[in-house]
Amino acid sequence: MGRALYFPTAVSADLTSLIAEAERGDRAAADALFTALYEELHRMARRELSKRGAGVTLGATTLLHDAYLDISAREGAAFPDRNRFMAYAARVMRGLIIDYVRSRQAQKRGGLFEMTSIRTDIAAAIPEAADLGRLSDALDELATVDPRLARIVDLKFFCGFSFGDIAGMSGVSERTVQRDWEKARIYLHRVVRDPIPGV
Amino acid sequence: MDSGRWLRVSGHLDRVLDLPPHAREASLVALRTEDPECADEVAALLDEHRRLTDEGFLDSSPIQRDEPSLAGVKVGAYQLVSRIGHGGMGTVWLASRSDGRFEGQAALKLLNAALIGRGGEERFKREGTILARLRHPHIAALVDAGVSSTGQPYLVLEYIDGRHIDRYCDEERLSVDARIRLFLDVQAAVCHAHANLIVHRDLKPSNVLVTRSGQVKLLDFGIAKLIGSDTQSASTMVTNEAGAVMTPKYAAPEQVANGAITTATDVYSLGVLLYELLTGQHPAGEAPKSPSDFARAITEVEPIRLSAAVHNAAAPDAAALASSRGTTPDRLGRLLRGDLETIVNKALKKNPSERYPSVMEFADDLRRYVDHRPITARPDSVSYRTAKFVRRHWRSLAAAAAAVLLLAGVIGFYTSRLAAERDRARLQADRASTLSELLTSLLTGADPYRTPDAKEPTVQNLLDVGAARIARELGGQPEVQAEMFTVIGRVYQRMGLHAKALPLLEQALAIGRRTFGSESVKVAYSLTELGVLQRELGNLAAAEALINEGLAMRRRLLGNVDKDVAVTLVELARVLKDRGRLAEAEAPIREALAIRQQMFGDEHRETATSKSELGLLLWERGDLAGAEPLLRENVATSQRVLGADHPNVAAAKASLAGVLLSKGDAAAAEVLLRESLATRRKVFGEAHVEYATALNSLGNAVEVQGRLEEAQMLFEEALRITRPQLGDEHARVAVMMLNLARVQIARGQGAATEPALRHVLSVREHLLKAGDWRLAQAKSVLGASLLAQGRDAEAEPLMAAAAAGLQPVPGPQGRERLANRARLVTLYEKLGRPLEAATYR
């Protein structure tokens, strides 16, 4: 695939080895991986939007999908399969979206980057950045208790994957994913307690 | 809530959430009696769930999923109306013709530009035109394929309002027959496309819709290829992209393996689809954990039998499954057994050439089934399955697991049969031997003496699991259990896994003594086998005692002229030799040879082996002239009787080579040793101790001819293989260490050898009797090492002791004796002690 050559990479970190180290439990590597993926996704979002111009949408799912194609082409055969990639990238996407909401709320418009797939039409549905922050903290807590549940929330709520998509990625049935989603909601609701307005 | 508490209630929560909301509270009644605290907790969480559902907690995501901004946008001649689908490939929109030429609706797919790649537009349009010509009542037509002015590739398809075929079948509670008839329509469509040289490549339920009127419509024909690039790997990747998100659930083995994609690929995917429509499950069973597991399952695991799938533990609910097919689980199981199973199996063959040659023939057989006519596909015979099974060499854990299942099935079968038999005692012996025969035949694939290219790691796994099952499940039938332990123990032993064999053979002996009494042929057999193993493990005293006990028992039970008595005599002689009692070893060897000549004649492998044993003994005692003809006869007879590639022939050649080397004919020895090495590599593989031993022997012949660097490499390689398997305390390892050290000293690397040589000496002091020449050999080489380090004073006593212990016996002993004496002469001359120098000259 020639795309990796076409778009010079902004990230020098070798994601393949960062993922390997993170999977071995290396905290520092996990942090570096987060940062590297964050920059990567951010950069790609900007790039796609400037390329396609206004009026064309860029969904989180598509962004992740493109990111995987790009990165795996660049990193070569040793790069983890798509599902392992998504496990990390989904968490990063959550950070990206929260930052976006935060910056947009601070600046009303523009901000970190313009991600047109984020709802602009139904203002009421946009959660407060603070609420999302609390949700994110609760998710991190859930990740220590039952990482699979946390991952489902990242993939569904923050990345927009369907239950079917997630089932395919996790190799379990759609029904199992749905049930886990309900369980995750219960857990998070308990932690966050008072409901996030508008969410 | 801490993680311990959460995980404790988590399982209950799963169960409760699976129920419809109104039934949830009631289901806690049972839990409340056994664990009220937990029940309260679950109830509280359910309450939480009700509240969050009411609030719509997390219902709407901060990112949009319906992209309303695109509605109304024009793409080519179409106007987007609303989004109807979304996948890795892109998004699907309901669209209407904007120029008014065509009334009605179409489905418009906006593809990720990445999927066609740069420069792919022309090909995309060209192939799109070909696909657009494909017209069939059961195929959703491709109306147009193009790239918009903004560079967005898109496809326009006939819009189908329908349900996925699997959902349709379940929701309409179609019977097995009705499902097959619907499936025949799917096949007709695929057939038509194949006739037009178009392969679907991505058949799966979401690509097969059924309309409200019950019409089947296949979507996305050929599109996987259309959006694929020219290279194979990219096209399979895209197939994956086009899938439900990378799970290659419907991919054929050749797709997973990047093989050629043909119409046979669609035959396979149709097989999976039919399997799912009939059983509600995937042929590989419960979804594996990761896509790579799935890929492995597709390429390696045989599908679960159709009828078994119904009762499979993984089945969500056999009753629900059956009821959605308008029947009961038992009836469904019976319905799927036989012809349907055979048909589906044939479509799901891993090897494309074993599948139905075309979808047409697949469909014909199904039609025959529906019409109650005989089908053409034949069920796999037992011998076919077994042959296939053995051919695969348990390459994967999954296959090993299947073998264990088979094993367990065999055991289970006999267990129940035996229990039902009235005359148990009489029948058990028969059954046990049949059983062990069966098992032996199963395991022959793992025995290097039978099939040369067995893959050891997974065979080992198979054996491990098998042994555990035997221990667990056959306690009630000690006779069978003892025999099974022996069989598995022997296979371990032959694989060189001696430590694993030991507990099994020990248990077999203990069970045998309890069950058969103190005096029995089976106990005598166990004694001998265990003795042989102990010898291989280097426990020589234990080995001698066991073998003597076995020998005496066999003599009493079988008489003096008996083939098993001869075997035991040979083993006894080997132990005696290993313990350095060469003189004592000659009598049993000669007795064994006499028995075999009397019973089998000269042209027999066992007679030949006896000659070899005797030859080796004579050689070791210095009688080269006596040894050589015996060993030559052994090579000739073994080759005739066993064939050139048998490991025994390799051993025979190595022995003869040893004698030739002792005689000074190193070049002839080398030829034989290279032949022997080649055979062992072929038969045992390069990780086996026997192969390493051959490397070591070759090293000797090479060393004698002065090619020291080559010899060193051979010894090093031999050690690299043997040390982890036998451990450093093993006599064979000691021999190799000593050989390596000697070459290193000769090459001027003497200083490095001292620790190894001290180790060899201590091992030999432990294993051998005082006075054994090999002790002297170790001292001699250690002396040489110290000498090379300039530590003359320490070297001298060792060398002098060695000189006393080494006799002028041709071979390694004689060679070491000469070398040692030469070193002594040099040393004493250097020290100015000419008298002593003269003694060794």
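Because the structure is a prediction, the values reported are computed rather than measured.

Below, the discussion takes up the overall build of chain A. Of the regular secondary structure elements, chain A holds nine helices and zero strands. Of the regular secondary structure in chain A, the N- to C-terminal order runs α-α-α-α-α-α-α-α-α. Buried positions account for 40% of the 199 residues belonging to chain A. Partitioning the contacts of chain A with sequence separation of at least 6, the portion at a separation of at least 24 is 68%.

So, on to the overall build of chain B. Broken down by element type, chain B carries 40 helices and nine strands. Considering only residue pairs separated by 6 or more positions, chain B has 57% of its internal contacts joining residues 24 or more positions apart.

Moving on, we come to the environment of B:G512. Among the structural elements, B:G512 can be located in helix α24 (residues 498-516). Setting aside chain neighbours within four positions, we find B:G512 in contact with B:A482, B:K522, B:V523 and B:S526.

Attention now moves to the pairing of strand β6 (residues 153-158) of chain B. All names here are of chain B. Buried residues dominate β6, accounting for five of its six residues. Where strand β5 (residues 142-147) lies against β6, five bridges are found, and the strand directions are antiparallel. When the sheet's bridge partners are listed, L142 is paired in β6 with L157.

All names here are of chain B. Looking at chain B as a whole, the pLDDT averages 79, with 79% of positions reaching at least 70. Averaged over each element, pLDDT in chain B is lowest for helix α10 (residues 232-242) (33) and highest for helix α37 (residues 773-788) (95). A low-confidence stretch, residues 408-458 stays under pLDDT 50, and its non-local contacts, those more than four residues away or across chains, total 63 contacts. Among the scores for the predicted complex, ipTM is 0.79 and pTM is 0.39.

This part takes up the sheet that holds strand β9 (residues 216-218) of chain B. Residue and element names in this part refer to chain B. With antiparallel pairing, three strands are arranged side by side in an open sheet as β7-β8-β9. Taken across any chain shown, the strands that pair with only one partner, and hence form the sheet edges, are β7 (162-164) and β9. Averaged over all pairs of adjacent strands, the angle between strand axes in this sheet comes to 35°, irrespective of strand direction. By the bridge criterion, three bridges tie β7 to strand β8 (residues 208-211) in an arrangement that is antiparallel. Paired with H164 across the strands is L209, a residue of β8. Sitting on the sheet, helix α8 (residues 176-195) is in contact with β8 and β9, with an inclination near 35° to β9.

Right, let's talk about helix α8 (residues 163-170) of chain A for a bit. Counting buried positions over the eight residues of α8(A) gives six, a clear majority of the element. Of the residues trailing α8(A), A:G171 is marked for its positive phi of about 70°.

The subject of this paragraph is α24(B). For α24(B), with 19 residues, the first-to-last C-alpha span of 26 Å sits near the 27 Å given by 1.5 Å per residue. Within the span of α24(B), buried status applies to B:H498, B:A501, B:L504, B:L505, B:A508, B:L509, B:I511 and B:G512.

Here we take up the nonpolar core. As a rule of thumb, nonpolar side chains are buried together in soluble globular proteins. Residue and element names in this part refer to chain B. Counting 117 residues, the largest nonpolar core has A657, L673, M737, L738, L757 and V760 as its most contacted members. Filtering out sequence-adjacent residues up to four positions away, L673 remains in contact with A654, A657, A694, S697, L698 and A701. If you look at the next biggest cluster of nonpolar residues, it comprises 81 residues, including L111, L142, V216 and A284.

Take the packing of helix α32 (residues 666-684) of chain B against helix α33 (residues 689-704) of chain B next. Residues and elements named next belong to chain B. Interhelical geometry of α32 versus α33 gives an angle of 160° and a closest axis separation of 9 Å. With respect to α33, the axis of α32 lies roughly antiparallel. For the crossing formed where α32 meets α33, the hand is left-handed. Each of A666, A669, E670, L673, R674, S676, L677, R680, R681 and F684 in α32 lies in contact with α33, whose residues at this interface are E690, Y691, A694, L695, S697, L698, A701, V702 and V704. The residue inventory of the contact of α32 with α33, partitioned by class, reads 12 nonpolar, two polar and five charged.

What follows deals with unusual backbone geometry. All names here are of chain B. Phi at R173 is positive, roughly 50°, even though this residue is not glycine. Its location among the elements puts R173 in the loop between α7 (165-171) and α8. Looking at R173, the number of C-beta atoms within 10 Å reads 12, which means it is exposed. The residue R201 is not glycine, and still its phi comes out positive at about 75°. Structurally, R201 can be placed in the loop between α8 and β8.

Here we come to the packing of α37(B) against helix α38 (residues 792-805) of chain B. All names here are of chain B. Their axes nearest at 8 Å, the elements α37 and α38 cross at an angle of 155°. Relative to α38, α37 is oriented roughly antiparallel. Crossing angle aside, the handedness with which α37 passes α38 is left-handed. Residues W773, L775, A776, K779, S780, L782, G783, L786 and L787 of α37 lie in contact with α38, whose contacting residues are D792, E794, A795, L798, M799, A801, A802 and G805.

Keep in mind that low pLDDT regions are not for reading the predicted coordinates in detail. Residues and elements named next belong to chain A. When the pLDDT values of chain A are averaged, the result is 72; 71% of them are 70 or greater. Averaged pLDDT values for the elements of chain A fall to 31 in helix α1 (residues 3-6) and rise to 90 in helix α7 (residues 147-158). The model gives residues 53-57 a pLDDT under 50, and that stretch makes six contacts with residues more than four places away or in other chains. Below pLDDT 50 for its whole length, residues 108-126 participates in 37 contacts with residues either more than four positions away or in separate chains.

Residues and elements named next belong to chain B. Structurally, K663 is set in helix α31 (residues 647-663). Sequence spacing of K663 and E628 is 35 residues, and the spatial spacing of their C-alpha atoms is 9.7 Å. Excluding its chain neighbours within four sequence positions, the residues that come into contact with K663 are L624 and P810.

Right, let's talk about the environment of B:R821 for a bit. Residue and element names in this part refer to chain B. Of note, R821 is situated in helix α39 (residues 812-830). Expressed as a C-alpha distance, the spacing of R821 and R841, which sit 20 residues apart in the sequence, is 7.1 Å. Once residues within four sequence positions are removed from consideration, R821 is found in contact with A803 and Y840.

What counts, and at which threshold
- Residues numbered from 1 in each chain as written.
- Chains lettered and ligands numbered in written order.
- Predicted model: local features only at pLDDT ≥ 70, side-chain atom pairs only at ≥ 80, totals over all residues.
- Helix = DSSP H or I, 4+ residues; strand = E, 2+ residues; numbered from the N terminus.
- Buried ≥ 20, exposed ≤ 12 C-beta atoms within 10 Å, placed from the backbone.
- Contact = placed C-beta atoms within 7 Å.
- Pairing = 2+ DSSP bridges.
- pLDDT = per-residue confidence, 0-100.
- Axes fitted to C-alpha atoms, helices over the stretch in contact; angles between N-to-C directions.
- Expected span 1.5 Å × (residues − 1).
- Core = buried A, V, L, I, M, F, W, Y, C linked by C-beta atoms within 7 Å.
- Parallel < 35°, antiparallel > 145°, perpendicular 65-115°, else oblique.
- Left-handed = near helix turned anticlockwise from the far one by under 90°.
- Nonpolar A, V, L, I, M, F, W, Y, C, P; charged D, E, K, R; others polar.

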